[in-house]
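As a plain string of letters, each chain reads:
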Amino acid sequence: MPDPQWWRSLLATSDVLATEDAAEVRRWTSGSSVDEEGAEAPPLLLRLSHLGEVLAERVDDVPESDRRAFFRILDGVLADGDQSEKDAVATGFLESMMAAGDRGFDLRGVWHELGPRSQQYCRDWNAFTGVRSPRWMRSS
């Protein structure tokens, strides 16, 4: 399946994230029995999940302006993407980033950079999983 139109714009926002995505694609395709050009990249959901983990691990390596641009595109996908794209952003990226809190990532540090749809999804996910969203999540 080809990458969605917004994917290049997303990766263009951050050299760090683009480099990590390219490495993940290489890892995914290196074991492929198909020749290099015919090998398929990992599904969008997995790529976004990986980027959520990377961003949580390397948040200080990605300038705030790059993060804002990245989050703006993802929020736009939540608004205008097709259902599979919305699902990939929500369950791939956002849930991965939220789960990184178990490994020490503080979502509060980037909360103000997330778009309104992304913030709402995070609150909704907490409600769905029975976690009370902290005050700083509810006040925006």
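Attention in this report is confined to the structure presented alongside it. Numbers given for residues are sequential positions, taken from 1 along each chain in its written order. Where local features are concerned, this predicted model is filtered to residues with pLDDT of at least 70; where side-chain atom pairs are given and counted, the filter is 80 or more; whole-chain, interface and lining totals use all residues. As a rule here, side-chain values come from all non-hydrogen atoms in the structure, and water together with hydrogens is ignored.

With that settled, consider the overall build of the protein chain. Strands are runs of DSSP state E lasting at least 2 residues, helices are runs of H or I lasting at least 4, and numbering of each runs from the N terminus. Secondary structure assignment for the protein chain yields eight helices and zero strands. The order of α-helices and β-strands along the protein chain, N terminus first, is α-α-α-α-α-α-α-α. A globule of 140 residues ought to have a C-alpha radius of gyration of about 14 Å, and the protein chain, at 15 Å, matches this closely. Along the three orthogonal principal directions, the C-alpha set of the protein chain runs to about 50 × 30 × 25 Å. Taken over 140 residues, the protein chain has a buried fraction of 45%. For the protein chain, the distance from the average site of its 16 positive side-chain charges to the average site of its 25 negative ones is 9 Å. Atoms counted for the radius of gyration: C-alpha only. Globule rule: 2.2 Å times the number of residues to the power 0.38. Here the term buried applies to any residue with accessible area under 20% of the maximum for its type, exposed to any over 50%, and partly exposed to those in between, with areas from a 1.4 Å probe on protein chains only. Charged residues are defined here as Lys and Arg on the positive side and Asp and Glu on the negative side; His and the ends of the chain fall outside this count. Where a charge lies is defined by one atom per residue type, namely NZ (Lys), CZ (Arg), CG (Asp) and CD (Glu).

Mapping Arg 47 onto the fold places it in helix H3 (residues 44-57). Within polar-contact distance, the side chain of Arg 47 engages the side chain of Asp 21 at 2.6 Å. Once residues lying within four places of it in the same chain are set aside, the contact partners of Arg 47 are Asp 3, Trp 7, Leu 11, Asp 21, Val 25, Ala 41 and Pro 42. The definition of a polar contact used here is a pair of N or O atoms within 3.5 Å, where within protein one atom must be able to donate a hydrogen and the other to accept one, and adjacent residues in sequence count solely through side-chain atom pairs. Working rule for contacts: check all heavy atoms of both residues, and any pair within 4.5 Å makes them a contact.

The next point concerns the packing of aromatic side chains. When two rings of Phe, Tyr or Trp (its six-membered ring) have centres within 6.5 Å they constitute a pair, described as stacked for plane angles under 30 degrees, edge-to-face for angles over 60, and tilted for the intermediate range. Summed over the entire model, instances satisfying the criterion amount to seven aromatic pairs. Here Phe 70 and Phe 93 contribute two aromatic rings whose centre-to-centre distance is 5.4 Å and whose plane-to-plane angle is 55 degrees, an arrangement assigned as tilted. Of this pair, Phe 70 sits in helix H4 (residues 64-80) while Phe 93 sits in helix H5 (residues 83-99), and the two are 23 residues apart along the sequence. Accessibility classification places Phe 70 together with Phe 93 in one group, the buried group. Cluster of aromatic residues (ring-pair linked, three or more members): Phe 70, Phe 71 and Phe 93.

Let's shift gears to H3. Between the first and last C-alpha of H3 there are 20 Å, a value that for 14 residues agrees with the 20 Å anticipated at 1.5 Å per step. Listed as buried for H3 are Leu 44, Arg 47, Leu 48, Ser 49, His 50, Leu 51, Gly 52, Val 54, Leu 55 and Ala 56. Here, expected helix span is obtained from the residue count minus one, scaled by 1.5 Å.

Turning our attention to the side chain of Asp 21. Counting through the fold element by element, Asp 21 comes out in helix H2 (residues 15-30). We classify Asp 21 as buried; its relative accessible area is 3%. Sequence-distant contacts of Asp 21, that is, excluding residues within four places in its chain, are made with Trp 7, Leu 11, Arg 47 and Leu 51.

A word on the packing of H5 against helix H7 (residues 116-129). For every element, the axis is a line fit to its C-alpha atoms; helices are fit only across the contacting stretch, and the angle between N-to-C directions ranges from 0 to 180 degrees. Contact pair H5 / H7: the axes reach a minimum separation of 11 Å and the direction vectors enclose 70 degrees. Here H5 lies roughly perpendicular to H7, going by the angle between them. Contact residues: Ala 90, Thr 91, Leu 94, Glu 95 and Met 98 in H5; Ser 118, Tyr 121, Cys 122, Trp 125 and Asn 126 in H7. Residue classes follow a fixed rule: Ala, Val, Leu, Ile, Met, Phe, Trp, Tyr, Cys and Pro count as nonpolar, while Asp, Glu, Lys and Arg count as charged, and any other residue, Gly among them, counts as polar. Class assignment of the residues belonging to the contact of H5 with H7 gives a composition of six nonpolar, three polar and one charged. Each angle is binned into one of four classes, with values under 35 degrees roughly parallel, values over 145 roughly antiparallel, values of 65 to 115 roughly perpendicular, and all other values oblique.

A word on the pattern of salt bridges. Counted as salt bridges are all cases of a side-chain nitrogen of Lys or Arg within 4 Å of a carboxyl oxygen of Asp or Glu. For the coordinates displayed, the defined rule picks out nine salt bridges. One salt bridge in this structure joins Arg 58 and Asp 61, with 2.9 Å as the shortest N-O distance. The salt bridge involving Arg 117 is made with Asp 75; its shortest N-O contact spans 3.2 Å. With Arg 117 in helix H7 and Asp 75 in helix H4, this residue pair connects regions lying 42 residues apart in the sequence. On the basis of relative accessible area, Asp 75 is assigned to the buried category, the value being 5%. Three or more residues are tied together by salt bridges with common partners; here these are Asp 3, Asp 21 and Arg 47.

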